[in-house]
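# Geometric and topological summary
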Amino acid sequence: MLYRGHLKLWRQLEDTSFYQNSHAVHLFIHLIMKANWKDKKIMFNGVEITIKRGSLLFGRKVASLETGIAEGTIYDNLKLLVNSKSINIKTNNKFSVITIVNYNKFNPLKDDTQQQSNSQPTASQQPANTPKELKNERTKELDLNTIVSFWNAFALEHSLSQCSKLTEKRKNRIKAKGQEFIDKFPSVLLNIKDSPFLLGQNDRGWKVSLDFILDRQDAWVKILEGGYSGKVKRSSGNEINKGGDWIGESSVSAKNVI
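Residues numbered from 1 in each chain as written. Predicted model: local features only at pLDDT ≥ 70, side-chain atom pairs only at ≥ 80, totals over all residues. Heavy atoms only, no water.

### Notes on the overall build of the protein chain
Counting its regular elements, the protein chain contains nine helices and five strands. Secondary structure elements in the protein chain, listed N-terminal to C-terminal, are α-β-β-β-α-α-β-β-α-α-α-α-α-α. Within the protein chain, the fraction of its 258 residues that count as buried is 39%. Intrachain contacts of the protein chain at a sequence separation of at least 6 include 68% that bridge at least 24 residues. Of the accessible surface of the protein chain, which amounts to about 14900 Å², a share of 47% is contributed by carbon and sulfur atoms. (Helix = DSSP H or I, 4+ residues; strand = E, 2+ residues; numbered from the N terminus. Buried < 20%, exposed > 50% of the residue type's maximum accessible area, 1.4 Å probe, protein only. Contact = heavy atoms within 4.5 Å. Areas by Shrake-Rupley, 256 points an atom, 1.4 Å probe, with all protein chains shown as cover.)

### Overview of the nonpolar core
Formed by 27 residues in total, the largest nonpolar core has its most connected members in Trp151, Ile174, Phe181, Phe185, Ile192, Val208 and Ile213. Among residues more than four places away in sequence, those in contact with Ile174 are Leu144, Ile147, Leu166, Phe181, Ile182 and Leu214. Within the second largest apolar cluster, 22 residues are counted, among which are Trp37, Ala63, Ile100 and Tyr103. (Core = buried A, V, L, I, M, F, W, Y, C linked by side-chain atoms within 4.5 Å.)

### Details of the sheet that holds strand E5 (residues 96-100)
Adjacent strands of a sheet pair through backbone hydrogen bonds, lying either parallel or antiparallel. Within the open sheet, the three strands sit side by side as E3-E5-E4. Their pairing is antiparallel. Every other strand in the sheet has two partners, leaving strand E3 (55-58) and strand E4 (87-91) as the edge strands with one partner each. Sheet twist, expressed as the mean angle between neighbouring strand axes with direction ignored, is 25°. Relative to E4, helix H3 (residues 71-83) is tilted by about 120°, and along the sheet it contacts E3, E4 and E5. (Pairing = 2+ DSSP bridges. Axes fitted to C-alpha atoms, helices over the stretch in contact; angles between N-to-C directions.)

### A word on the confidence of the model for the protein chain
Counting all residues, the mean pLDDT for the protein chain is 75, and 71% of those residues have values of 70 or more. Per-residue pLDDT, averaged within each element of the protein chain, yields its smallest value for helix H9 (residues 254-257) (38) and its largest for H3 (94). Low pLDDT, under 50, characterises residues 111-139; the stretch is placed with 15 contacts to residues that sit more than four places away or in other chains. (pLDDT = per-residue confidence, 0-100.)

### Thoughts on the pairing of E3
Judged by which residues are buried, E3 turns out to be covered on both faces: Ser55 and Leu57 on one side and Leu56 and Phe58 on the other are all buried. Across four bridges, E3 lies against E5 in antiparallel orientation. If you follow Ser55 over to E5, its bridge partner there is Thr99.

### So, the packing of helix H1 (residues 22-34) against helix H2 (residues 60-67)
Contact pair H1 / H2: the axes reach a minimum separation of 11 Å and the direction vectors enclose 105°. In terms of their interaxial angle, H1 and H2 are classed as roughly perpendicular. For the pair H1 and H2, the contacting residues are His26, His30 and Lys34 in the first and Ala63, Glu66 and Thr67 in the second. Here the residues of the contact of H1 with H2 are counted per class, giving one nonpolar, three polar and two charged. (Parallel < 35°, antiparallel > 145°, perpendicular 65-115°, else oblique. Nonpolar A, V, L, I, M, F, W, Y, C, P; charged D, E, K, R; others polar.)

### A few points about the pattern of salt bridges
Considering all chains together, one arrives at seven salt bridges under this definition. Salt-bridge contacts for Glu168 lead to Lys171; the nearest nitrogen and oxygen are separated by 3.5 Å. Of this pair, Glu168 and Lys171 both sit in helix H6 (residues 168-193), three residues apart, which is roughly one turn of the helix. Residues Arg170 and Asp211 are paired through a salt bridge, measuring 2.9 Å at the closest nitrogen-oxygen approach. Taken together, the residues Arg170 in helix H6 and Asp211 in helix H7 (residues 210-215) connect sequence positions 41 residues apart. For Asp211, a relative accessible area of 28% puts it in the partly exposed group. (Salt bridge = Lys/Arg side-chain N within 4 Å of Asp/Glu carboxyl O.)

### Thoughts on the side chain of His30
Of note, His30 is situated in helix H1. If we ignore the near neighbours within four places in the chain, the residues touching His30 are Ala63, Glu66 and Thr67.

### Description of H2
Those residues of H2 lying buried are Arg60, Val62, Ala63, Ser64 and Thr67. The first or second residue beyond H2 is Gly68, which carries a positive phi of 80°.

### A few points about the packing of H2 against H3
Where H2 meets H3, the closest approach of the two axes is 9 Å, and the angle between their N-to-C directions is 105°. For the element pair H2 / H3, the angle class is roughly perpendicular. Across from Arg60, Lys61, Ala63, Ser64 and Thr67 in H2, the residues of H3 making contact are Glu71, Gly72, Ile74 and Tyr75. Split into classes, the residues belonging to the contact of H2 with H3 amount to three nonpolar, three polar and three charged.

### Considering the side chain of Asn191
As for its placement among the helices and strands, Asn191 is situated in helix H6. Taking relative accessible area as the criterion, Asn191 reaches 1% and is therefore assigned buried. A distance of 3.0 Å separates a polar side-chain atom of Asn191 from the backbone oxygen of Leu224. (Polar contact = N/O pair within 3.5 Å; in protein donor to acceptor, adjacent residues only side chain to side chain.)

Here you go:
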């Protein structure tokens, strides 16, 4: 399993006004875990935007799927977290960005409490990963989870099957396809949107799934090149916005993000 790191649970969380609200606490911890641990650039409508460390793109539908909390309850508790000055939310007509206030207290850049050992590992001990190795593993894990988040948001919009768990098999399939697949996955989803066949308009009523894309060796390339498309072919990573929709986690209107 890839190294996923750890967070600090700040004791002052117990002193917050919402501590006795289990849904609010659950949602707040979920947001901390989902926030970027470093600045991350993404493509949106063909424009590169940066989601800062401690922030995340947010959609209530996906958050409800991941936490088991009803969308209406998420809406109410987001307002509670804003009022308690635990988070900030910036919303436009396409997506919301949530920023964790005091994020560094939960995920510090340097862990000063970590015990340092100068002794050599014994034969029965596994050597510790270097900071560079851990950073690379965290980046890989982030990319893998981004694929699933993008797929689940897109699948919700188009009545496709969800990916409920990032299994080892799925992780290996994604890694085997390489970084190019990860980078161009948003364009793959846009081409699926343009394909009635992949969305179930065929004589069998069959619909594309994430496993179909991962298990078939060149399926994603064929989709990217417009092999199943009934409308527009796209062979590059340049996204085309149609009807104001986006396939990312926040592919919902402003009224559905908060």
